[in-house]
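# Tertiary structure, described
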Amino acid sequence: MAQFTIPARDKTKEMRYQMGYALADLAKEYPDIVAVDADLRTSSGLHIFEHFFPDKLIKVGIAEQNMISVSAGLSQEGYIPFPCTFDAFSRRFLDQLYVSVAYSNLNVKVLGAYVGLFTGKAGATHQSDKELGILLRIPRLNVLEPGSNEEMRQILRCAVETPGPFYIRIVRCEVEDNEVGEGYKFLLGKGVTVVDNGYDAGIITTGFMIRTAKIAAEKLLKRGIRVRIDHHPSLKPFDKELLYDMASKVPVMVTAENHCTSGGLFSLVAENLAKEGKQKKVGTIGTDPEDFIHTGHVNDLLAHYKMTSDDIVNMVISLLDERKKLV
Amino acid sequence: MDPFKHNNLWEPYRKNRRHFKEIFSHQDDYKSLIENTERLAYLIRSYSVYSMTCAALGHPGGSFSEAELLATMYNYVLRYDPAEPSWPMRDIFYLSKCHACPGLYAALALAGYFPVKDLGRYGSWDSYLESHPDSTTTPGIEIAGGSLGQIPGVAVGRALGMRKRGPDHFDRMIYVLIGDGECNEGSVWEAFMAAGHYQLDNLVFIIDNNKVQAKGFVNSDMSIEPLADKLAAFKITPWEVKNGHNVAELIDLFNTLHTQRRGKPNAIILNTIKGKNVADCQLNPNWHTSAPRETGMAQSWLGELWERDGRRLGIEEDFPVSLGKSIAVVPPLHTNPDEIVDKQA
């Protein structure tokens with residue numbers, strides 16, 4: 001049963017395990033925190049929370065709809081519930097989230113685990129690269145996607161300290177502790193400029209893709225191309241001002257998301273730029289909205305969907321070339 | 001007469017509704033409690049006709065079948081305070097069959113949560129009385145709903161939360177009224193399973209067994225029988241109310257359920273008649289969703305309700321007449337839905 005053991009806090013960089021520790025830390029400070037599990041705790045990282053607070057982990061069995069309904073009820077008694085299942089299974093409880101939680105404005109903080117392509121070869125039923133399409137359109141719901149463990153910890157704290165419904169996407173892979181820099185403070189509704197080499201091109205990221213984008217920026221710099229990277233952990237509310245600022249300074253942009261290229265980050269960028277009349281050529285890095293993502297090692301999937309740092313480099317260069325031809 | 005001066009017609013039986021006190025059949029005030037509760041049920045139906053006609057919207061069938069249950073809850077069982085809707089020691093009443101909210105809105109208005117006259121703004125733009133309840137705008141509504149099968153699970157979470165808080169000297173109770181057709185939803189059974197598993201004896205499911213769902217009859221569309229056996233198999237104690245329109249039977253059952261804990265959740269199978277007391281609607285799926293489309297029909301319904309209950313309860317005949325006359329505008333949509341079934345929303 002080795003895979004069900006609890007990894008030591010300082011030995012793991014996996015966001016899901018760090019999430020389990022972070023939630024347990026917060027529960028020491030905020031005794032009303034409870035977690036609600038639909039039979040996935042050792043996969044989602046909640047088993048770490050359970051280890052510290054066995055009484056605060058509520059099991060509903062394999063019943064995702066009931067997981068959200070029960071969380072709604074718990075929140076009405078003053079608890080701060082964190083229901084957690086695979087992000088893909090948000091498809092099973094969307095209506096509960098929409099009506100019972102968001103419409104009723106309840107204090108429920110949903111954790112979507114295994115987001116995007118990082119599902120441990122679980123295949124098309126578990127890959128969750130379409131869900132933002134609807135999650136980002138649920139009124140009142142805050143939707144956040146951290147890209148590093150420090151950011152994840154701050155986002156959990158923000159969710160606890162801010163009343164109202166939250167949806168937090170947690171990736172299943174190792175991430176750096178802090179991608180932004182010392183003293184970084186996450187703010188709800190705010191993005192952050194992570195790399196500011198120059199204005200040859202702009203890269204917009206959310207969640208895990210911040211790492212890939214930063215590597216791409218280094219590679220581009222070696223070729224003499226200076227880019228700025230804006231990271232948007234807060235997808236809803238979305239930092240339009242930061243987007244407009246980037247759009248006013250760079251000739252071309254690329255969005256990079258661990259999600260398909262429709263309904264998520266790219267759609268937010270495209271909608272907001274069009275609305276303000278600040279259209280740019282925007283390249284997209286992400287999965288194909290028309291694909292069921294078949295089983296494969298995540299490296300194969302990232303290669304197939306052209307989501308590596310080299311793909312970002314190539315996209316930036318081709319966008320710039322295309323622009324030169326036009327000019 | 002002013003049909004909105006309802007205090008002349010009915011006053012809450014309890015002076016202080018933060019307290020519950022059992023009244024048994026051998027006590028002198030039992031008879032007056034029953035009559036007082038029946039008056040409330042009569043008024044819930046009458047004001048539902050008023051609000052639904054003003055809105056050209058609503059679900060008469062389910063609103064009429066639940067009238068005696070709502071009246072018993074708000075007049076006798078629940079501990080609450082309309083002056084402080086979020087009073088933390090209150091009992092919780094969830095309406096899971098949210099479409100039947102015209103009945104609940106009438107009950108809440110009569111209980112004092114908001115003015116009865118506002119029922120005429122039901123479903124209109126900018127009103128706080130939504131077509132299906134919105135807990136963020138309407139005082140007394142515990143949770144928003146309208147998509148069936150979700151609120152039983154919310155009730156489970158809340159009951160679990162209450163118990164996790166530790167000993168509760170108020171012995172707060174949670175009641176959730178579920179439609180019989182609503183039991184077709186799988187999530188209802190997820191909630192039943194969890195309630196039985198966690199032995200939530202502060203929770204009572206009430207199934208309004210009115211035999212009719214939106215477009216047909218429960219037994220022929222999708223039967224839920226044998227319901228009592230199913231509930232028992234889910235580790236829930238089933239109770240059967242033979243006549244859900246008999247206030248005395250309801251009072252006697254709640255005397256048992258409200259004060260005793262048995263280590264298991266309870267469920268009441270409430271045998272009722274959909275559309276009770278209006279002949280057009282009774283056991284007729286065509287009046288699940290449809291309000292009277294013209295004042296004449298509303299007036300005749302109000303007259304019928306008076307003939308059935310109002311007269312014997314000593315309500316002046318002027319009440320249904322003036323309530324009918326007060327319906328100002330009926331948005332015209334279509335005529336009797338029995339004739340145009342296909343066009344029903």
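Here we summarise the structure given alongside this text. (Residues numbered from 1 in each chain as written. Chains lettered and ligands numbered in written order. Predicted model: local features only at pLDDT ≥ 70, side-chain atom pairs only at ≥ 80, totals over all residues.)

### Some words on the interface of chain B and chain A
Each side of the interface is counted separately: chain B has 23 residues, and chain A has 21 residues. Looking at the side of chain B that touches chain A, the elements that each hand over two or more residues are helix H5 (151-164) and helix H6 (186-197) of chain B. Among the elements that make up the side of chain B that touches chain A, the one with the highest residue count is H5 of chain B (nine residues). A breakdown of the residues in the side of chain B that touches chain A according to their chemical character gives nine nonpolar, ten polar and four charged. (Contact = placed C-beta atoms within 7 Å. Helix = DSSP H or I, 4+ residues; strand = E, 2+ residues; numbered from the N terminus. Nonpolar A, V, L, I, M, F, W, Y, C, P; charged D, E, K, R; others polar.)

### Digging into unusual backbone geometry
Keep in mind that most residues, glycine aside, have a negative phi and that most peptide bonds are trans. The omega angle of the peptide bond from Lys-236 of chain A to Pro-237 of chain A is 0 degrees, so this bond is cis rather than trans. In the segment running from Glu-225 of chain B into Pro-226 of chain B, the intervening peptide bond is cis, with an omega of -5 degrees. When you line up the elements, Pro-226 of chain B lands in the loop between helix H7 (218-221) and helix H8 (227-233). Phi angles above zero are rare outside glycine, and Ala-56 of chain B is one such case at about 50 degrees. Of note, Ala-56 of chain B is situated in the loop between helix H1 (30-55) and helix H2 (60-65).

### Comments concerning the nonpolar core
The biggest cluster of nonpolar side chains holds 197 residues, and the ones touching the most others in it are Ile-203 of chain A together with Ile-44 and Ile-206 of chain B. Broken down by element, this core gets its largest block of residues, twelve residues, from H1 of chain B. There are two domains that each give this core at least three residues, and those are domain 1 (2-170) and domain 2 (192-326) of chain A. Setting aside anything within four residues of it in sequence, one finds Ile-203 of chain A in contact with Ala-213, Ala-216, Ala-217, Val-227, Ile-229, Val-254, Ala-256 and Ile-312 of chain A. (Core = buried A, V, L, I, M, F, W, Y, C linked by C-beta atoms within 7 Å. Buried ≥ 20, exposed ≤ 12 C-beta atoms within 10 Å, placed from the backbone. Domains from an automatic or database assignment.)

### Here we look at the packing of helix H4 (residues 64-76) of chain A against helix H5 (residues 90-103) of chain A
Axes are the key here: two packed helices are described by the angle between their axes and the distance separating the axes. Residue and element names in this part refer to chain A. It is the contact of H4 with H5, at a shortest axis distance of 8 Å, that shows an interaxial angle of 20 degrees. Relative to H5, H4 is oriented roughly parallel. Our pair here, H4 against H5, has a crossing hand that is right-handed. Two secondary-structure elements touch here, H4 through Glu-64, Gln-65, Met-67, Ile-68, Ser-69 and Ala-72 and H5 through Arg-92, Phe-93, Gln-96, Leu-97, Ser-100 and Val-101. (Axes fitted to C-alpha atoms, helices over the stretch in contact; angles between N-to-C directions. Parallel < 35°, antiparallel > 145°, perpendicular 65-115°, else oblique. Left-handed = near helix turned anticlockwise from the far one by under 90°.)

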